[in-house]
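Tertiary structure, described
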Amino acid sequence: WEFNGSFYQPSAFLMMGIPGLEAFHPWISIPFCALYLTALLGNCVILFIIRKTQSLHEPMYYFLSMLAVTDLGLALCTLPTTLGLFWFNVRRIGFDACLTQMYFIHILSFIESSVLLAMAFDRFIAISHPLRHPSILTKTTVLKIGLAIVLRGMVSLLPIPFLLKRLTYCGKTELSHSFCFHPDIMNLACADIKVNVFYGMIILLSTVGMDFIFIVLSYILIIRTVVSLTTKEECLKALNTCVSHICAVLVFFIPMIGLSMIHRFGKNVPPLVNTLVAYTYLVIPPALNPVIYSIKSTHIRQALLRALRRKRG
C-alpha cells in the first residue's frame with residue numbers, strides 16, 4: 001500500500017508464526033494442538049466436576065470455575081488464528097476482526113488477573129479467619145465479585161479499539177504473532193501513539209499491576225498467620241491449600257509481565273524470544289491450570305476419580 005499523508009487504515013493485517021521456522025509450522029502445530037486440547041478438555045472437566053459435586057459448592061471452587069471459564073475463553077480466542085496459520089498458512093486477518101480479537105484477549109487476561117486476586121483473598125480469609133469465612137464469602141458476595149471483575153475488564157478496555165481506529169497506518173501490516181495484541185497493532189501506526197501508550201500503561205498498572213501487588217500482600221498476611229500456628233502440621237496443611245494458586249499466579253503473571261516489557265522496551269529483543277514469550281503467556285496457562293488443580297487439589301482429584309468410577313460401573 002502507498003501512504004500519501006492522508007488518513008489510512010489497512011483492510012487487513014498479516015499475522016506471523018514462529019520466525020525462522022515457517023517450514024516446520026505443520027510439525028510445530030502438534031504440541032499446540034495438544035496444549036489447546038488439554039485446555040479445552042481440562043477446563044470443561046473442572047467445570048463439570050464442580051457443577052456435579054455438591055461438596056465443591058463453596059467460594060474456593062466458585063472462583064476456580066471463573067478461572068476455568070476465563071481460560072476456555074482465552075484458548076478459544078487464539079485457537080482459530082494460530083492453528084489456521086500453522087495448518088493452512090492463513091495469515092490474513094481483517095482490521096475489525098483483529099481489533100475484536102485483541103479486545104477479548106485483553107479482557108480475558110484482565111479477568112484472569114482479577115480472579116487470581118479474588119482467589120488469594122479467599123485463601124487469606126479461609127486461613128486467617130476460618131470461622132468467619134462462610135459469612136464473609138457468601139454465594140451472593142462471590143456473584144457480585146464475579147460481576148465486578150467482568151465489568152472492570154470490559155469498561156477499562158472499551159476505549160482501546162477506538163484509540164486504535166483513530167490512528168493512521170503506514171504500509172507495514174505484519175503483526176509479531178498469530179493473534180492480535182494492542183502494543184503490536186499500535187506500533188504499526190505512523191501517527192502519534194502517545195495517547196495509546198499512556199492509556200495502555202495506566203490501565204495495565206491500575207488493573208493487573210494492582211492485582212499482583214494485592215496478591216503479594218495477601219500472601220504476606222497468610223504467611224504471618226501460618227507462622228503463628230502452633231504445630232508444624234497445621235502450618236503445612238494451611239500452606240498446602242495455597243500451592244495450586246501460587247503455581248497459577250506464577251504461570252500467568254511471569255510471561256505476561258515479560259511480554260508487556262518486551263513490547264514496550266525490548267526493541268532489540270530477537271523476534272523468536274518475543275514470539276515464545278507471547279505463546280507462553282496465552283497458551284500455557286489455560287492448559288496448565290486444570291492440570292495443576294487436578295493434581296494438587298485433593299477434593300477435585302477425588303471427585304474426578306468418583307466420576308470415572310461411576311462411568312466404568
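Throughout this description, residue numbers start from 1 for each chain and increase along the sequence as written. Reporting in this predicted model follows two pLDDT cut-offs: at least 70 for local features of residues, and 80 or more for side-chain atom pairs to be given and counted; totals over whole chains, interfaces and linings ignore these cut-offs and use all residues. The side-chain figures draw on all heavy atoms in the structure; neither hydrogens nor water molecules are used.

**Examining the overall build of the chain**
To be explicit about the condition: By the criteria applied, helices consist of DSSP H or I runs no shorter than four residues and strands consist of E runs no shorter than two, each listed in order from the N terminus. This radius of gyration counts C-alpha atoms alone. The globule rule is 2.2 Å times how many residues there are, raised to the power 0.38. We call a residue buried when its accessible area falls under 20% of the maximum for its residue type, exposed when it is over 50%, and partly exposed in between, using a 1.4 Å probe and counting protein chains only.
Across its full length, the chain carries twelve helices and two strands. Sequence-ordered secondary structure for the chain, helices as α and strands as β, is β-α-α-β-α-α-α-α-α-α-α-α-α-α. Here the C-alpha radius of gyration of the chain, 21 Å, is about what a compact globule of 313 residues would show, namely 20 Å. C-alpha extents for the chain along the principal axes are approximately 70 × 45 × 35 Å. Taken across its 313 residues, the chain has 48% of its residues classed as buried.

**Remarks on the UniProt feature "transmembrane region" (unreviewed entry) in the chain**
Heads up, the condition is: UniProt positions are given in the numbering used here, feature names are shortened, and annotations may be inferred rather than shown by experiment.
Look at the UniProt record and you will see "transmembrane region" (unreviewed entry) annotated at residues 24-50, 62-88, 100-121, 142-164, 197-222, 243-264 and 276-295. Taken end to end, residues 62-88 comprises 100% helix and 0% strand; its first and last C-alpha atoms sit 39 Å apart.

**Observations regarding empty space enclosed by the protein**
How we decide: In this analysis a 1.4 Å probe is tested at points of a 1 Å grid over the protein atoms alone, and where it fits but cannot get out there is a cavity; an open set with protein on both sides within 12 Å along at least five of seven lines is a pocket; lining residues have an atom within 4 Å of a point. Grid points are joined across faces, edges and corners, and a volume is the space filled by probe spheres set on the points. Basically, the charged four are Asp, Glu, Lys and Arg, the nonpolar ten are Ala, Val, Leu, Ile, Met, Phe, Trp, Tyr, Cys and Pro, and anything else, Gly included, counts as polar.
Enumeration over the complete set of coordinates arrives at three cavities of 30 Å³ or more. As a volume, the largest cavity reaches approximately 140 Å³. Lining the largest cavity are 14 residues; nearest its centre among them are His 106, Phe 110, Gly 200, Leu 204 and Arg 264. Among the elements of the structure, helix H3 (95-128), helix H7 (182-186), helix H8 (194-227) and helix H10 (243-265) are those that each provide at least two residues to the lining of the largest cavity. Across the lining of the largest cavity, the residue classes tally to nine nonpolar, four polar and one charged. Along its surface, the second largest cavity is lined by Met 60, Phe 63, Met 119, Asp 122, Arg 123, Thr 241, His 245 and Tyr 293. Mapped by element, the contributors of at least two residues to the lining of the second largest cavity are helix H2 (59-88) and H3. Looking at the lining of the second largest cavity element by element, the count peaks at three residues for H3.

**A word on the packing of aromatic side chains**
How two aromatic rings sit relative to each other is given by the distance of their centres and the angle of their planes. To be explicit about the condition: Each aromatic pair joins two rings of Phe, Tyr and Trp (for Trp, the six-membered one) with centres within 6.5 Å, and gets the label stacked for planes under 30 degrees apart, edge-to-face for over 60, and tilted for any other angle.
Counting across every chain of the model gives 13 aromatic pairs. Centroid distance Tyr 103 to Phe 104: 5.7 Å. Interplanar angle 70°. Geometry classified as edge-to-face. For Tyr 103, a relative accessible area of 14% gives the class buried. We classify Phe 104 as partly exposed; its relative accessible area is 43%.

**Things to note about helix H11 (residues 271-296)**
Keep this limit in mind: The length a helix should cover is 1.5 Å for every residue beyond the first. Here the bend at each residue means the angle between axes fitted to two seven-residue stretches, the one ending at that residue and the one beginning there.
If you check H11, its first and last C-alpha atoms are 36 Å apart, about what 26 residues at 1.5 Å a residue would give, namely 38 Å. The sharpest bend along H11 comes to roughly 45°, located at Ile 284, with the proline Pro 285 sitting one to four residues further on.

**Examining the state of the cysteines**
Linking two cysteines covalently via their sulfur atoms produces the bond known as a disulfide. Heads up, the rule is: Disulfides are defined as cysteine sulfur pairs within 2.5 Å.
Counted under the stated rule, the structure contains two disulfides. Bridging Cys 98 to Cys 180, the disulfide has an S-S length of 1.9 Å. What sets the handedness of the Cys 98 and Cys 180 disulfide is the S-S torsion sign, and at about -120° it is left-handed. Residue Cys 98 is found in helix H3, and its partner Cys 180 is found in the loop between helix H6 (159-165) and H7; the two are separated by 82 residues along the sequence. Side by side, Cys 98 and Cys 180 carry an identical accessibility label, which is buried. Note on cysteine connectivity: Cys 170 is disulfide-linked to Cys 190, with sulfurs 2.3 Å apart. Remark: Cys 190 occurs in the loop between H7 and H8 and Cys 170 occurs in the loop between H6 and H7; sequence separation between them is 20 residues. Sequential numbering of the bridged cysteines in the chain gives the disulfide pattern 1-3, 2-4. Considering cysteine sulfurs only, Cys 180 is the nearest to Cys 77, which forms no disulfide, with 11 Å between them.

**What to know about the side chain of Thr 207**
Defined as follows: Any two residues whose heavy atoms approach within 4.5 Å at even a single point are treated as in contact.
Its place among the elements puts Thr 207 in helix H8. The residues contacting Thr 207, other than those within four sequence positions of it, are Phe 110, Arg 152 and Ser 156.

**Examining the nonpolar core**
The nonpolar side chains of soluble globular proteins are, as a tendency, buried together. The following threshold applies: Nonpolar core, defined: a set of buried Ala, Val, Leu, Ile, Met, Phe, Trp, Tyr and Cys residues in which side-chain atoms within 4.5 Å join the residues together.
Membership of the largest hydrophobic core comes to 88 residues, with the highest contact counts inside it found for Phe 13, Phe 32, Leu 64, Leu 116, Leu 164, Tyr 169 and Ile 185. Element by element, the count of residues in this core is highest for H3, at 18 residues. Sequence-distant contacts of Phe 13, defined by excluding residues within four places in its chain, comprise Arg 91, Arg 92, Ile 93, Phe 95, Cys 98, Tyr 169, Thr 173, Leu 175, Ile 185 and Leu 188.

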